[in-house]
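# Descriptive structure summary
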Amino acid sequence: MAVLEISDLVVSWDPATRQRLPVVKADVVARLRAAADARAARIVERIPTDGPNLDDAAVDRLLVRAHTELQRLGEELHMAQRFAEMLVPVLAAARDGGVHPLRVVDIGCGLGYVVRALASSGVLGPDVELIGVDFNPALVGEAQRLAVEERLPCRFVCGDAFALDEDATLYLSNGVLHHFPADALGTFFRAQDRPATAAFVHYDIAATRLAPLGAWIYHRARMREPLGRHDGVASARRAHGDDVLLAAAAQASGMETFLFEPTRHANPFCAAMRPVIGIRPALTARFRAELGRRAKGLVGPR
Ligand SMILES: C[S@@+](CC[C@H](N)C(=O)[O-])C[C@H]1O[C@@H](n2cnc3c(N)ncnc32)[C@H](O)[C@@H]1O
């Protein structure tokens, strides 16, 4: 039975024009009921409508609320620090290899928590440009508002992260990989194997047997928005296994690809998030040197 996330179903974009399309509430409810997810169907039934369609403004408010909660969970899981632990060595290797400019693009940034936190700490250095990109204008608008309010050196763009005017030196994402079906992951990784791009770092939920239970306990305790509680557990159920991720990442054939501290090396009670990393072979030795003892945590495709 398909595991669905409500946040994927309540907004829809025209793939060609990226214009927002109306979403018929009864269709979403029917899909969730067909997936035997009555609880999710009830959450959607409570969303206000505009005629037969979900009300766009109400959906936007709901998604901003859920992502604001998600930001708090991201802070508790030290996601910005975890990204910095990987990005600082990758960027040091890129500088050493003469890569210029250093432009980091967050694919599917949501409210841009990771980008804003990295900009706020300055940990990556003043020569690094930070950009968050998301299809959803409500999330991007809120991300930009918060960045301006905090006077942060970063910016946010609404659209497709792979269609920016300038390519990224380094792509990252947080909690996005499980939104793609396994057979679409190869396309996602191949899109990052472009000449200007030196590396990627994508964190997602480690697919351990205990992940759904852990996510349920954690979201019951810490997530206040029902949509977020539902989707948090669904995310853990949808998370891709190590071998699936490594095989897909290897399709970026110009990169060396790794998982960092994959689940078979981790305590299943603690392995909440772990990154898939791709880096140009010319930069790998320096990356490993920068990681020092932690380089032992890098595992490549079998
Ligand atoms: C789970 S949400 C993101 C959560 C966010 N990264 C965070 O840390 O809170 C997934 C987002 O990815 C966005 N997305 C997926 N593919 C994208 C792409 N190619 N370009 C821009 N946004 C994308 C969707 O619009 C959606 O808002």
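Above this text you will find the structure in question.
The following refers to the structure shown. None of these values were measured; they are calculated from a predicted model.

Our next topic: the packing of aromatic side chains. Going through the model one piece at a time under the given rule, you end up with 6 aromatic pairs. Between Phe 162 and Phe 188, the aromatic rings sit 5.9 Å apart at their centres with planes inclined by 75°, giving edge-to-face as the arrangement. Pair noted here: Phe 162 is in the loop between strand S5 (155-158) and strand S6 (170-174) and Phe 188 is in helix H8 (residues 182-190), with a separation of 26 residues, a long-range link. Taking relative accessible area as the criterion, Phe 162 reaches 21% and is therefore assigned partly exposed. On the basis of relative accessible area, Phe 188 is assigned to the buried category, the value being 4%. Each member of the aromatic cluster is reached from another via a ring pair, and the members are Phe 162, Tyr 171, Phe 180, Phe 188, Phe 189 and Phe 200. For the cation-ring pair, Arg 18 lies above Phe 135, with the distance from its terminal atom to the ring centre recorded as 3.6 Å.

Around the ligand, the structure places 16 residues, and the nearest of them are Gly 108, Asp 134, Asp 160, Ala 161 and Asn 174. Backbone polar atom of Asn 174 to a nitrogen atom of the ligand: 2.9 Å apart, as the coordinates give it. Out of a free accessible area of 600 Å², the ligand has 84% covered by protein chains. When the residues that make up the shell around the ligand are grouped by side-chain class, the tally is 7 nonpolar, 7 polar and 2 charged.

Look at helix H4 (residues 56-76) against helix H7 (residues 137-149): their axes get within 9 Å of each other, and the N-to-C directions meet at 50°. Here H4 lies oblique to H7, going by the angle between them. Regarding H4 and H7, the two cross each other, and that crossing is right-handed. For the pair H4 and H7, the contacting residues are Asp 60, Leu 63, Val 64 and His 67 in the first and Ala 138, Leu 139 and Glu 142 in the second. Counted by class, the contact of H4 with H7 contains 4 nonpolar, 1 polar and 2 charged residues.

Basis of the calculations
Residues numbered from 1 in each chain as written. Predicted model: local features only at pLDDT ≥ 70, side-chain atom pairs only at ≥ 80, totals over all residues. Heavy atoms only, no water. Phe/Tyr/Trp six-rings, centres within 6.5 Å; stacked < 30°, edge-to-face > 60°. Helix = DSSP H or I, 4+ residues; strand = E, 2+ residues; numbered from the N terminus. Buried < 20%, exposed > 50% of the residue type's maximum accessible area, 1.4 Å probe, protein only. Lys NZ or Arg CZ within 6 Å of the ring centre and 35° of its normal. Near = heavy atom within 4 Å. Polar contact = N/O pair within 3.5 Å; in protein donor to acceptor, adjacent residues only side chain to side chain. Areas by Shrake-Rupley, 256 points an atom, 1.4 Å probe, with all protein chains shown as cover. Nonpolar A, V, L, I, M, F, W, Y, C, P; charged D, E, K, R; others polar. Axes fitted to C-alpha atoms, helices over the stretch in contact; angles between N-to-C directions. Parallel < 35°, antiparallel > 145°, perpendicular 65-115°, else oblique. Left-handed = near helix turned anticlockwise from the far one by under 90°. Contact = heavy atoms within 4.5 Å.

Nothing here speaks to function; it is all geometry.
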